[in-house]
Amino acid sequence: MQAGRLKAAVALAAVAALAVGASGCAKSERDGGSGEAKTGGTFVFAGAGDPKNFDPIFNDEGESFRPVRQMYDTLVMNKPGTADLVGGLAESWEHDPAGKVWTFKLRKGVKFHDGTAFNAAAVCYNFDRWYNMKGAAAQSQMIYYSDVFGGFAKNEAEGAGQAVYNKCEAKDDATAVITMNQYKGAFPGAFALTALSIASPDALKKYDADTVKQNGDSFEYSAFATEHPVGTGPFTFGGWDKAKGEITLNRNPDYWGEKAKVDKMIIKIIKDENTRKQELRAGTVQGIDFPAPADRKALESEGFNVINRPAFNILYLGINQKNNPKLKDLRVRQAIAYALNRQQLVQTKGPGGTKVADEFLPDSVLGYAPDVQKYDYNPEKAKQLLKEAGAEGLTLNFYYPTDVSRPYMPNPQEIFTVLANDLQSVGIKVNGVARPWNGGYKDDVQQFGKQDLHILGWTGDYNDPGNFVGTFFGRAKGEFGDQGMTDMFDAIAKADAAVDEAGKKAAWEQVNRDIAAKWLPAVPIWHAPPAIVVTKNVKGLVASPLTDERFNTVSVS
């Protein structure tokens, strides 16, 4: 079994442990034991936005993953409070010298919520399901799968590449062997991705899970994804009341690991940050995520437990080269970078500990290059580059999301306003376009590429450069309109295929230098530490640098 293989992971874990220790929270090990006895009651946590659905494979963002993580498990998991890998549904794993054949020894006696057995056949059913998924609509929504596994048995969605996955064999009930077509640096960390959670094969078939329909700019999902999600996690699905904006999760008394201490968890969706804070103070919720940076000290002084996670994330300004030909000119993209006063943005809108980002990954991740080209605020340089490129008087459609706060983006509208003002000060006219997060913004930006500029970001899922840079720029995406940047795709693929640690480090460092100097498909903005807040009667919360919180350890007195 391999644990977290990067030294950087150790440092990350240490920061997380300090954060938890300072809050006085108990630390939990997902050790397969029975854990402490339940305390009962209901834990109400305020979500920051609507989930898309509850089928892990069709999701890629935190508001959907928050409930999904309580209901499902993955083969490999992150040790609570860290980015280190530990056993999940697999007790151990190993790979052949070429890194293509992965053998998993599975936990015995685990049941899905519908009472069916978890075994190697179930693992293979899930992997085969993903690989053989049919329909452009369904494939287009499998963003994590596409980023990690490249392509499908038959590619139908735009931008799909060569398939990394080859086959899965159930040697016996407790042994699953997954074979890849090539080595990929994402593994074993990618096996911990929430999107690759293992679902009940019976439920997937019964509730027609593979059906995804596209109607114009929106997508419809199956009964499995919206009404009958079935995993192996510490909580079972109790319902999604869309009118009330509440997701109910019930304690799973048969969970294989540390059983939930509360009887019930409710995720109450409160999209407005001020309202979340008011409900916390009123006691109608016991926890909130992503408080406004300016409110953190006040909440601490009022006795709330404010836990700052490490900034294992990135906020960036995306540049879509598809709609406006001027954006294909590197000088124009560089002018946009020079026009942004990111240091001032950090000081006025970022939470304490926020840092200007020069690259698209934190400096704790292997492959971070300290000598990339930097774009310090220089409006005169921006104007000069626009003139040289014949792009004076440029007009750009700048998309930003509403009804959401993200770990890297506590208040999207405020961030948009500051960046738009910077751009307009160098002569770029900005048309601001506000769209709701799910069912609007993400599809417009990531699927249909309607924007010229947009703000978006990422919280790392595991400690590997491919999870950041490879995810963003490893293949052509509608988000960036970068189909012609094949040199960038090839360089990232080469770095991701490097087996030895030294070669991998050197290859990723060069990728990051070239992204800054030669390609610049987006502008990195900041790394910001997100906070999570609970009332003082909530115990046992283990904050995660990956925002991978599991609430089975939480009790309410």
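Small disclaimer: the values here were computed from a predicted structure and weren't measured.

Some remarks on the overall build of the protein chain
- Counting its regular elements, the protein chain contains 17 helices and 23 strands.
- For a compact globule of 557 residues, the expected C-alpha radius of gyration is about 24 Å, and the protein chain comes in at 23 Å, within 12% of that figure.
- Here the protein chain holds 557 residues, and the buried ones make up 62% of them.
- Excluding contacts between residues fewer than 6 apart, the proportion of contacts in the protein chain whose partners are at least 24 apart in sequence is 71%.
- Here the protein chain displays about 20000 Å² of accessible surface, and carbon together with sulfur accounts for 48% of that area.

Section: the sheet that holds strand β12 (residues 264–269)
- Spatial ordering of the open sheet is given by β10-β11-β12-β1-β13-β21-β14, a layout of 7 strands whose pairing is mixed. The sheet is open, and its two edges are formed by β10 (235–241) and β14 (305–308), each paired on a single side. Mean inter-strand twist for the sheet, computed between neighbouring axes without regard to direction, equals 20 degrees.
- Of the strand pairs in this sheet, strand β11 (residues 246–251) and β12 are connected by 5 bridges, and their pairing is antiparallel. Bridge assignment links I247 to a residue of β12, and that residue is I267.
- Sitting on the sheet, helix α8 (residues 273–282) is in contact with β1 (42–47), β12, β13 (287–289) and β21 (531–534), with an inclination near 160 degrees to β13.

A look at the sheet that holds strand β4 (residues 90–95)
- In spatial order, the strands read β4-β5-β7-β6; together these 4 strands make up an open sheet with antiparallel pairing. Every other strand in the sheet has two partners, leaving β4 and β6 (165–172) as the edge strands with one partner each. Across this sheet, the average inter-strand angle for adjacent strands is 20 degrees, counted without regard to direction.
- In terms of strand pairing, β6 meets strand β7 (residues 175–180) through 6 bridges, oriented antiparallel. Bridged to D172 within β7 is T175.
- On top of the sheet, helix α3 (residues 120–131) reaches β5 (101–106), β6 and β7; it is set at about 165 degrees to β6, its chief contact.

Details of the pattern of salt bridges
- Going through the model one piece at a time under the given rule, you end up with 32 salt bridges.
- With its nearest N and O atoms 3.8 Å apart, the salt bridge here joins E169 to K171.
- Look at E169 and you get partly exposed, because its relative accessible area is 28%.
- Measuring nitrogen to oxygen at the nearest pair gives 2.6 Å for the salt bridge that ties K277 to D295. Of this pair, K277 sits in helix α8 while D295 sits in the loop between β13 and α9 (296–301), and the two are 18 residues apart along the sequence. Taken individually, K277 and D295 each receive the classification buried, so the pair is uniform in this respect.
- Here the salt bridges share partners, and the residues they tie into one network are E63, R66, D289, R309, R406 and E549.

Focus on the state of the cysteines
- In this structure the tally under the stated criterion is 1 disulfide.
- What pairs with C124 in a disulfide is C168, and their sulfur atoms sit 2.1 Å apart. Taking the torsion about the sulfur-sulfur bond, which here is approximately -65 degrees, the covalent link between C124 and C168 counts as left-handed. One end of the pair, C124, is in helix α3; the other, C168, is in strand β6, and 44 residues separate them in sequence. Like C124, the residue C168 is buried in the burial classification.

So, unusual backbone geometry
- The linkage connecting F187 with the following residue, P188, adopts the cis geometry, with an omega of 10 degrees.
- Relative to the helices and strands, P188 is located in the loop between β7 and α6 (201–206).
- In this structure, F290 is a non-glycine residue whose phi angle is positive, near 55 degrees.
- Take F290: it is sitting in the loop between β13 and α9.
- The phi angle at D403 is positive, at roughly 60 degrees, despite the residue not being glycine.

Structural notes on the nonpolar core
- With 159 residues, the main nonpolar core has L75 and I455 as its most contacted residues.
- Among the elements that make up this core, the one with the highest residue count is α3 (7 residues).
- Not counting chain neighbours up to four residues away, the residues in contact with L75 comprise G87, G88, L89, A90, F104, L106, F118, V123, F127, I178, F191 and I198.

A word on the environment of Y377
- Summarising the element assignment, Y377 is placed in the loop between β16 (355–356) and α12 (379–388).
- Assessed through its relative accessible area of 39%, Y377 is described here as partly exposed.
- Every residue in contact with Y377, bar those within four places of it in the chain, is listed here: Y338, A339, L340 and N341.

What about α8?
- Looking at α8, one finds that the buried residues are E273, R276, K277, E279 and L280. Looking straight down α8, one finds its buried side chains confined to an arc of 165 degrees; they lie on one side. Every exposed residue of α8 that faces more than 90 degrees away from the buried side is listed here: Q278 and A282.
- Considering only its buried residues, α8 is in contact with β1, β12, β13, α9 and β21.
- At the N-terminal end of α8, a side-chain oxygen is found 3.2 Å from the backbone nitrogen of N274, two or three residues along, and the residue is D272.

Rules and cut-offs
- Residues numbered from 1 in each chain as written.
- Predicted model: local features only at pLDDT ≥ 70, side-chain atom pairs only at ≥ 80, totals over all residues.
- Heavy atoms only, no water.
- Helix = DSSP H or I, 4+ residues; strand = E, 2+ residues; numbered from the N terminus.
- Rg over C-alpha atoms; globule rule 2.2 N^0.38 Å.
- Buried < 20%, exposed > 50% of the residue type's maximum accessible area, 1.4 Å probe, protein only.
- Contact = heavy atoms within 4.5 Å.
- Areas by Shrake-Rupley, 256 points an atom, 1.4 Å probe, with all protein chains shown as cover.
- Pairing = 2+ DSSP bridges.
- Axes fitted to C-alpha atoms, helices over the stretch in contact; angles between N-to-C directions.
- Salt bridge = Lys/Arg side-chain N within 4 Å of Asp/Glu carboxyl O.
- Disulfide = S-S within 2.5 Å.
- Core = buried A, V, L, I, M, F, W, Y, C linked by side-chain atoms within 4.5 Å.
- Arc of directions from axis to C-beta.
- Polar contact = N/O pair within 3.5 Å; in protein donor to acceptor, adjacent residues only side chain to side chain.

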